[in-house]
Amino acid sequence: MSEQHLVARIKRSSKYWGQTAPNAWFDVRVVSDNYYQLRGNNNNYRLVDVAMGVRFDNGVIVDLSTGKSSKAEVTAS
């Protein structure tokens, strides 16, 4: 069984757009916070500001909003 890691990328519609390269994935973790539920990229994010994905050990990322998979680099957080 392969490991799975949560990743996110900032949506163009977010006020945080520009904090990463366009459409760059970065590792995130979910935390118990009423407003900023995600931690990653040395920042805190709301779920509405990012697209979520899952990265597998082989480097393939599945975008959870579209179901599309791709091999992409992930920015370390």
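Remember, it's a predicted structure, so these values are computed and weren't measured experimentally.

*Asks:* Explain the packing of aromatic side chains to me, using residue names and the numbers behind them.
*Replies:* The description of an aromatic ring pair uses the distance of the two centres, along with the angle that the planes make with each other. The tally for this structure, following the rule as stated, stands at three aromatic pairs. Here the aromatic rings of tyrosine 35 and tyrosine 36 are separated by 4.6 Å at their centres, their planes lie at 85°, and the arrangement is edge-to-face. Members of the aromatic cluster, connected to one another through ring pairs, are Tyr16, Phe26 and Tyr45.

*Asks:* Could you give an account of a nonpolar patch on the surface, naming the residues involved and the relevant values?
*Replies:* A contiguous nonpolar surface patch, about 260 Å² in accessible area, is contributed by Leu6, Val30 and Leu64. Position of leucine 64 relative to the elements: it lies in the loop between β6 (60–63) and β7 (69–71).

*Asks:* Before we move on, could you go through unusual backbone geometry and cite the residues and values that matter?
*Replies:* For residues other than glycine, phi is negative in most cases, and the peptide bonds are mostly trans. A positive phi angle is found at asparagine 23, which is not glycine, with a value near 60°. Note that asparagine 23 resides in the loop between β1 (4–10) and β2 (25–30). Owing to a relative accessible area of 44%, asparagine 23 belongs among the partly exposed residues under this scheme. For asparagine 41, which is not a glycine, the phi torsion comes out positive at approximately 55°. For asparagine 41, the position within the fold is in the loop between β3 (38–40) and β4 (43–45).

*Asks:* Can you tell me about the pattern of salt bridges, naming the residues and giving the values?
*Replies:* Tallied over the full model, the rule gives four salt bridges. The closest approach of N and O atoms between aspartate 63 and arginine 9, which form a salt bridge, is 2.8 Å. Taken as a pair, aspartate 63 in strand β6 and arginine 9 in strand β1 lie far apart in primary sequence, 54 residues in all. What makes aspartate 63 buried here is its relative accessible area of 5%. A salt bridge links aspartate 27 to arginine 55; its shortest N-O distance comes to 2.8 Å. Here aspartate 27 is found in strand β2, whereas its partner arginine 55 is found in strand β5 (residues 50–56), with 28 residues between them in sequence.

*Asks:* Hey, could you go over the environment of threonine 66 for me, with residue numbers and the actual values?
*Replies:* With respect to the helices, strands and loops of the structure, threonine 66 is situated in the loop between β6 and β7. In this structure the side chain of threonine 66 is engaged in a polar contact, spanning 3.2 Å, whose partner is the backbone nitrogen of lysine 68.

*Asks:* How would you summarise the nonpolar core if you had to cite specific residues and measurements?
*Replies:* Formed by Ala8, Ile10, Tyr16, Phe26, Val28, Leu38, Tyr45, Val50 and Met52, the largest nonpolar core amounts to nine residues. Elements that contribute at least two residues to this core include exactly β1, β2 and β5.

Rules behind the numbers
Residues numbered from 1 in each chain as written. Predicted model: local features only at pLDDT ≥ 70, side-chain atom pairs only at ≥ 80, totals over all residues. Heavy atoms only, no water. Phe/Tyr/Trp six-rings, centres within 6.5 Å; stacked < 30°, edge-to-face > 60°. Patch = residues over 30% accessible without salt bridge, like charges linked within 9 Å, V, L, I, M, F, W, Y side chains within 5 Å. Areas by Shrake-Rupley, 256 points an atom, 1.4 Å probe, with all protein chains shown as cover. Salt bridge = Lys/Arg side-chain N within 4 Å of Asp/Glu carboxyl O. Helix = DSSP H or I, 4+ residues; strand = E, 2+ residues; numbered from the N terminus. Buried < 20%, exposed > 50% of the residue type's maximum accessible area, 1.4 Å probe, protein only. Polar contact = N/O pair within 3.5 Å; in protein donor to acceptor, adjacent residues only side chain to side chain. Core = buried A, V, L, I, M, F, W, Y, C linked by side-chain atoms within 4.5 Å.

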